[in-house]
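Coordinate inspection notes
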Amino acid sequence: MKLLFKNMLLAHSFIVLPALVSAAETMPSTEIQQARTLVKAFGGDLKQVLQSAMQTGGPIKGLTVCNLEAEPIAEKHSSSSWDIARTSLKVRNQNNQADAWETTVLQQFIQRQAAGEDLATMEHSEVVTSGDKTLYRYMKPIPTAGVCLTCHGVTLSNDVSKKIKTLYPDDQATGFNLGDIRGAFTLSKVITP
């Protein structure tokens, strides 16, 4: 009886254990570490520039700086091997529109958050094929913090609304609440040509 129970337990563990392993744990450690480092650096630089702009000129200056500086900051952190950007299901800049893979991952992030997973540790990485290339792809959600609500919240000041319409005529990136997933950092790296 003990042997039968042990064999059943062992068989059951083979079925359950693979489902418990996250995508990040199955990816090459070098790539996941590089992606995390790039997100931290890009996010840190972007946050610093936006905070400085908001402190010196309020949300209008913050919007202007974000419009002018976000892409160059992303380019600064991209390298010959990594592409780094931001995306969302509700984009402000149409150049940041999510592709099919990013859309799926963003939807999964929302489901994972609803199931109680902490955004601070949430991430997704995967090796995918695109045409004749194999890519390592990584995403990390961007939570909506209190200061973000000034330009991304449900209720915006008239000045902020006007500036957003001027800079981003097709803006969709409002209506967020504190703690919502506003978007994600998205990275890709070709691992085989």
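Note that the structure is predicted; figures quoted are calculated from it, not measured.

Glancing now at the nonpolar core. By size, the foremost hydrophobic cluster in this structure holds 17 residues, and its most contacted members are Phe42, Trp82, Ile84, Tyr138, Phe185 and Leu187. Mapped by element, the contributors of at least two residues to this core are α3 (29–77), β1 (82–87), β3 (133–143) and β4 (181–192). Every residue in contact with Ile84, bar those within four places of it in the chain, is listed here: Leu38, Val39, Phe42, Ala74, His77, Ser78, Thr186 and Leu187. Grouped together as the second largest cluster of nonpolar side chains are 12 residues, Val105, Leu106, Met122 and Val128 included.

Looking now at the pairing of β3. For β3, a buried count of eight out of 11 residues is recorded, marking the element as mostly surrounded by other parts of the structure. Here strand β2 (residues 124–130) runs beside β3; their pairing, made up of seven bridges, is antiparallel. Of the residues in β3, the one forming a bridge with Ser130 is Lys133. What sits between β2 and β3 in their antiparallel hairpin is a turn of two residues, with Gly131 showing a positive phi close to 65°. Here 10 bridges tie β3 to β4, and the two strands are oriented antiparallel to one another.

What counts, and where the lines are drawn
- Residues numbered from 1 in each chain as written.
- Predicted model: local features only at pLDDT ≥ 70, side-chain atom pairs only at ≥ 80, totals over all residues.
- Heavy atoms only, no water.
- Core = buried A, V, L, I, M, F, W, Y, C linked by side-chain atoms within 4.5 Å.
- Buried < 20%, exposed > 50% of the residue type's maximum accessible area, 1.4 Å probe, protein only.
- Helix = DSSP H or I, 4+ residues; strand = E, 2+ residues; numbered from the N terminus.
- Contact = heavy atoms within 4.5 Å.
- Pairing = 2+ DSSP bridges.

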